[in-house]
Every structure is written in C-alpha cells, then in structure tokens.
Amino acid sequence: MIPLLLLYLPLVILDSPLPWSYSYSTETDQIILDVFYESLCPDSKNFILHTLSPAFPELTPYISITLVPYGKARTIQSEPDYQFSCQHGSDECQGNLYHNCAEKHITDQAMKIQFISCMFRNVIPSRNADPDWHTIASQCSDQEGLYDQLAKVHNCAVDLEGKLLHYKAGLKTGTRGFIPTVEMSGGSEGGKVVL
C-alpha cells in the first residue's frame with residue numbers, strides 16, 4: 001500500500017499530470033499528504049525513516065504534509081480530562097502527544113519531518129525501557145537546531161493542549177485498517193487517494 005506513494009510522487013517531480021481525473025498545476029496547487037501513524041509503531045517508523053524522510057527534500061516544492069499521530073488509539077474519555085488507550089501502550093500515547101505538539105509548533109515543514117524522523121530513530125532502539133519523551137525531544141531539538149521550539153513542544157505535550165490535539169487527531173484519523181496510512185489529495189477537484 002505505502003510503496004504506491006513512490007509510484008505517484010515521481011510524477012509530481014516530472015511535472016506530469018497525475019493519473020486520476022483531476023488536473024494538477026504546479027503554480028497554484030500542491031499535493032497534500034496526510035500521514036496517519038503511531039509514535040511506537042515499527043511500520044510507521046519504517047515509512048517515516050525509509051520512504052517519507054528520504055523523498056521529502058526532492059518533493060518539498062510540490063507537497064504539503066500533515067502528520068496525524070493517533071493510529072489505532074482509542075479515546076476513552078473526552079472533555080474535560082481527555083484519556084486515551086493506544087495500540088502500543090501508554091508510552092505510545094505520550095509519544096503521540098509529543099508528535100502532535102511538534103506538528104503544531106514546528107512550522108517549517110522540512111524541520112518538522114527531520115525532528116519526527118529523529119524521534120523515531122531515538123525511541124525505537126530503546127523499547128526495552130520506557131521512553132523518556134522529553135529527553136528524546138530535547139536530543140532531537142539539539143540535533144536539528146530547534147532550541148526555540150522545544151519549550152513549546154514540551155509544554156504542549158504535558159498540558160491539556162497536547163491531549164486536545166491528540167483527540168482532534170483521533171477525529172481526523174477515524175477508523176483505519178492499517179497504520180501507517182497516507183491520504184493524498186490535490187488538484188482543483190480535491191479528490192483523495194488512500195495509499
């Protein structure tokens with residue numbers, strides 16, 4: 001499913017029309033990718049590190065990416081005290097909060113992808129122990145030169161703001177049969193293709 005992304009994205013680079021019914025103009029339209037994933041999911045890690053991140057520098061003028069970290073989580077309680085149950089446990093829920101807050105507070109798309117990629121590289125090898133998401137975010141902000149955003153991301157992740165963002169990511173995610181899932185849309189008619 002995800003490798004299909006690799007078939008469509010080169011068409012954008014070559015400025016060829018996309019293989020579905022709507023038109024594409026590089027002057028006014030970008031392809032919009034919504035990436036639905038989970039912070040501790042091995043398949044999500046593989047997609048971010050080995051497909052999205054390497055392809056991103058070539059595609060950046062043509063695509064706009066929205067990261068939606070929720071996956072197969074469930075919202076157990078909404079307002080006022082949001083509570084979630086995540087597929088890979090409570091550590092994944094906490095990681096999803098950090099990822100959602102990075103999506104909101106790191107506004108440069110390239111830096112955001114690099115930061116999220118760094119978080120995946122730093123968290124998955126340490127699955128033996130509970131991930132310390134603040135330390136991982138701190139390491140990645142140092143590595144990627146995002147010192148100014150660390151406080152915003154951390155404060156968001158440990159406060160109601162992060163839970164609200166996770167809740168909204170759940171509404172956007174809905175029910176997905178597979179994680180990660182990529183939705184691609186664009187063109188004047190705004191059709192969507194699920195990859």
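First, a word on scope: everything that follows refers to the structure included in this document. Worth saying up front: this structure is predicted, and the values here are computed from it rather than measured.

1. Describing the pattern of salt bridges
Thought 1: Under the counting rule described, the total for this entry stands at five salt bridges.
Thought 2: In this structure, Lys 172 and Asp 34 form a salt bridge, with 3.6 Å as the shortest nitrogen-oxygen distance. Here Lys 172 is found in helix α7 (residues 160–173), whereas its partner Asp 34 is found in strand β1 (residues 31–37), with 138 residues between them in sequence.
Thought 3: In this structure, Lys 112 and Glu 103 form a salt bridge, with 3.4 Å as the shortest nitrogen-oxygen distance. Grouping residues by exposure puts Lys 112 and Glu 103 together as buried.

2. Some words on the state of the cysteines
Each disulfide consists of a covalent bond between the sulfur atoms of two cysteine residues.
Thought 1: All chains considered together, the criterion is met by three disulfides.
Thought 2: The disulfide partner of Cys 101 is Cys 156, and the S-S distance across this bridge is 2.0 Å. Where Cys 101 bonds to Cys 156 through sulfur, the torsion about that S-S bond is close to -75°, and the disulfide is left-handed. Taken together, the positions of Cys 101 in helix α3 (residues 90–105) and Cys 156 in helix α6 (residues 147–157) put the pair 55 residues apart, joining distant regions of the chain. For the pair Cys 101 and Cys 156, a shared accessibility class is recorded, and that class is buried.
Thought 3: Covalent S-S linkage joins Cys 118 and Cys 140, the inter-sulfur distance amounting to 2.2 Å. In this structure, the disulfide formed by Cys 118 and Cys 140 twists by about -85° around the S-S bond and is classed as left-handed. With a gap of 22 residues between them, Cys 118 in helix α4 (residues 109–123) and Cys 140 in helix α5 (residues 133–144) connect regions that are remote in the sequence. Like Cys 118, the residue Cys 140 is buried in the burial classification.

3. Re the pairing of strand β2 (residues 63–69)
Thought 1: Of all seven residues that make up β2, five are buried, and the element is covered over most of its length.
Thought 2: One ladder, built from seven bridges, connects β1 with β2; its direction is parallel. Note on β2: the bridge partner recorded for Asp 34 is Thr 66.
Thought 3: For the handedness criterion, the β-α-β arrangement of β1, helix α2 (residues 42–59) and β2 is classed as right-handed.

4. Remarks on α2
Thought 1: An ideal rise of 1.5 Å per residue puts 26 Å on 18 residues; α2 measures up with 24 Å between its terminal C-alpha atoms.
Thought 2: Within α2, the axis deviates most sharply at Leu 52, by approximately 40°, and proline Pro 54 lies no more than four positions further along.
Thought 3: For α2, the set of buried residues is Ser 44, Phe 47, Ile 48, Leu 49, Thr 51, Leu 52, Ala 55, Phe 56 and Leu 59.

5. Points about the side chain of Asp 34
Thought 1: The exposure class of Asp 34 is buried, given its relative accessible area of 7%.
Thought 2: Discounting chain neighbours no more than four positions away, the residues touching Asp 34 are Thr 66, Lys 172, Thr 181, Val 182 and Glu 183.

6. What to know about the packing of α3 against α6
Thought 1: Direction vectors running N to C along α3 and α6 enclose 135°, while the axes themselves pass 8 Å from each other. One finds that α3 runs oblique with respect to α6. Crossing geometry of α3 relative to α6 is assigned as right-handed. From α3, Gln 94, Leu 97, Tyr 98, Cys 101, Ala 102 and His 105 reach across to α6, where they touch Gln 149, Lys 152, Val 153, His 154, Cys 156 and Ala 157.
Thought 2: The residue inventory of the contact of α3 with α6, partitioned by class, reads seven nonpolar, four polar and one charged.

About the thresholds
- Residues numbered from 1 in each chain as written.
- Predicted model: local features only at pLDDT ≥ 70, side-chain atom pairs only at ≥ 80, totals over all residues.
- Heavy atoms only, no water.
- Salt bridge = Lys/Arg side-chain N within 4 Å of Asp/Glu carboxyl O.
- Helix = DSSP H or I, 4+ residues; strand = E, 2+ residues; numbered from the N terminus.
- Buried < 20%, exposed > 50% of the residue type's maximum accessible area, 1.4 Å probe, protein only.
- Disulfide = S-S within 2.5 Å.
- Pairing = 2+ DSSP bridges.
- Right-handed = clockwise from strand over helix to strand, strands pointing away.
- Expected span 1.5 Å × (residues − 1).
- Bend = angle between axes of the 7 residues up to and from the residue.
- Contact = heavy atoms within 4.5 Å.
- Axes fitted to C-alpha atoms, helices over the stretch in contact; angles between N-to-C directions.
- Parallel < 35°, antiparallel > 145°, perpendicular 65-115°, else oblique.
- Left-handed = near helix turned anticlockwise from the far one by under 90°.
- Nonpolar A, V, L, I, M, F, W, Y, C, P; charged D, E, K, R; others polar.

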